[in-house]
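Notes for the structure review
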Amino acid sequence: MKRIAVFTSGGDAPGMNACIRAVVRGAVYHGIEVFGIRRGYSGMIAGDIFQMSSHSVSNIVQRGGTILKSARSKEFITPEGRRLAYDQMQKHGIEGLIAIGGNGTFTGAMIFNNEYGIPTVGAPGTIDNDLYGTDYTIGFDTAVNTALDAIDRIRDTASSHDRVFFIEVMGRDSGYIAIQSGIGGGAELVMVPEVLTPISEVVETLRQGWLRSKASSIVVVAEGEEEGSASEIADKIKSQIKEDIDMRVTTLGHTQRGGSPSAYDRILASRLGLGALEGLLAGQKNVMAGIINNELVYTPFEDTIRLPKPINEDLLRMVKILSI
């Protein structure tokens with residue numbers, strides 16, 4: 001293999017630039033030509049492809065977002081779109097791909113390889129930490145710390161005004177950000193998609209706190225929680241209590257995607273970028289590079305996409321014990 005390309009797809013995550021840097025500089029080290037594809041599969045179809053060098057990735061390891069941009073492509077979902085993408089791969093002589101992204105990115109890469117035989121190795125870039133085959137994904141640690149910083153600030157105002165705050169964090173299908181930022185921020189309750197938390201249980205937990213003269217409380221809610229958004233949950237609780245409690249809702253939203261990556265994310269992304277590249281050069285395809293128990297592993301895309309990554313129930317138990 002003499003010529004490869006790297007791209008980012010789906011939601012951006014802090015550390016993606018560090019991963020791109022590792023792929024590019026690893027390719028240069030191994031004497032491989034490396035190209036960047038802007039805007040993911042959309043750029044692949046449009047031929048927005050350019051050659052990269054060590055200089056191309058100078059001074060980016062500390063930057064959030066992705067210098068290659070990111071996009072979701074409806075056209076790539078169609079056979080006609082994938083044919084156009086393959087034509088561009090042929091035009092540029094690209095023999096293999098490094099895909100930095102999540103489930104949707106890897107699903108597209110697997111179908112593309114099955115149809116046209118272009119091997120792809122993935123690097124898990126998503127703040128949700130919801131991919132099977134790696135302990136942590138690129139961007140997760142930074143997102144948790146961003147959420148935690150916000151929770152700490154909100155705790156100050158909650159204490160000053162004797163308020164209950166419902167803080168919604170990202171995690172449509174995964175409660176990893178919620179559970180870790182909740183523990184780190186001393187939340188009284190954490191609500192995640194993986195475990196049903198009835199409104200009655202939330203009410204009881206808050207009431208027990210009030211009986212212990214707890215004047216303020218923090219409830220961290222993952223956006224995919226079955227009971228609804230943080231605003232909906234707050235409304236449901238207000239309808240079930242007689243106490244005159246000041247309740248407020250804060251949705252952190254896309255602030256969790258931005259910002260300079262943490263040291264952990266920079267190192268993780270560098271390991272995964274180089275691991276993905278060297279796996280590709282060694283003949284791996286349709287796999288994701290991941291880190292499990294601090295060891296580099298390769299997991300088939302099919303498993304990464306299909307298998308769930310369960311929440312550690314000990315962490316949920318910890319929230320309950322530490323909120324007393």
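Above this text you will find the structure in question.
Counted under the stated rule, the structure contains 9 aromatic pairs. Considering the side-chain rings of Phe-140 and Tyr-176, the 6.2 Å spacing of their centres and the 90° angle between planes classify their relative orientation as edge-to-face. Separated by 36 residues along the polypeptide, Phe-140 in helix 5 (residues 140-161) and Tyr-176 in helix 6 (residues 176-184) bring together distant segments of the chain. With a relative accessible area of 9%, Tyr-176 lands in the buried category. Site record: aromatic cluster; members linked through ring pairs are Phe-7, Tyr-41, Phe-76, Tyr-86, Phe-112 and Tyr-116. Between Arg-38 and the ring centre of Phe-50, over which it is positioned, the NZ or CZ distance is 4.0 Å. Its guanidinium or amino end placed over the ring of Tyr-176, Lys-309 lies 5.3 Å from that ring's centre, counting from NZ or CZ.

So, on to the sheet that holds strand 5 (residues 120-124). Taken together, 7 strands build an open sheet; the order of strands is 3-2-1-4-5-10-11 and the sheet is mixed. Here the strands that pair on one side only, and so sit at the sheet edges, are strand 3 (49-52) and strand 11 (295-300). Across this sheet, the average inter-strand angle for adjacent strands is 30°, counted without regard to direction. Bridge analysis of strand 4 (residues 96-101) against strand 5 gives 5 bridges, and the strand direction is parallel. Residue pairing across strands places Gly-101 opposite Pro-124, the latter belonging to strand 5. Against the sheet, helix 1 (residues 16-29) touches strand 1 (3-8), strand 2 (33-37), strand 3, strand 4 and strand 5, its axis set at about 175° to strand 1.

Let us now look at helix 3 (residues 79-92). Since the α-helix packs 3.6 residues into each turn, any two residues three or four apart lie on the same face. Compared with the 20 Å implied by 1.5 Å per residue over 14 residues, the 20 Å span of helix 3 between its first and last C-alpha is a close match. Along helix 3, the positions that sit buried rather than exposed are Gly-81, Arg-82, Ala-85, Tyr-86, Gln-88, Met-89 and His-92. Summarising the axial view, the buried residues of helix 3 lie within an arc of 155°, below the 170-degree limit, and thus occupy one face. Along helix 3, the residues that are exposed and aim more than 90 degrees away from the buried face are Glu-80 and Lys-91. The inward-facing, buried residues of helix 3 contact strand 1, strand 2, helix 2 (40-46), strand 3, strand 4 and helix 4 (103-116). Following helix 3 by one or two positions, Gly-93 adopts a phi angle in the positive range, close to 70°.

Cut-offs used in this document
- Residues numbered from 1 in each chain as written.
- Predicted model: local features only at pLDDT ≥ 70, side-chain atom pairs only at ≥ 80, totals over all residues.
- Heavy atoms only, no water.
- Phe/Tyr/Trp six-rings, centres within 6.5 Å; stacked < 30°, edge-to-face > 60°.
- Helix = DSSP H or I, 4+ residues; strand = E, 2+ residues; numbered from the N terminus.
- Buried < 20%, exposed > 50% of the residue type's maximum accessible area, 1.4 Å probe, protein only.
- Lys NZ or Arg CZ within 6 Å of the ring centre and 35° of its normal.
- Pairing = 2+ DSSP bridges.
- Axes fitted to C-alpha atoms, helices over the stretch in contact; angles between N-to-C directions.
- Contact = heavy atoms within 4.5 Å.
- Expected span 1.5 Å × (residues − 1).
- Arc of directions from axis to C-beta.

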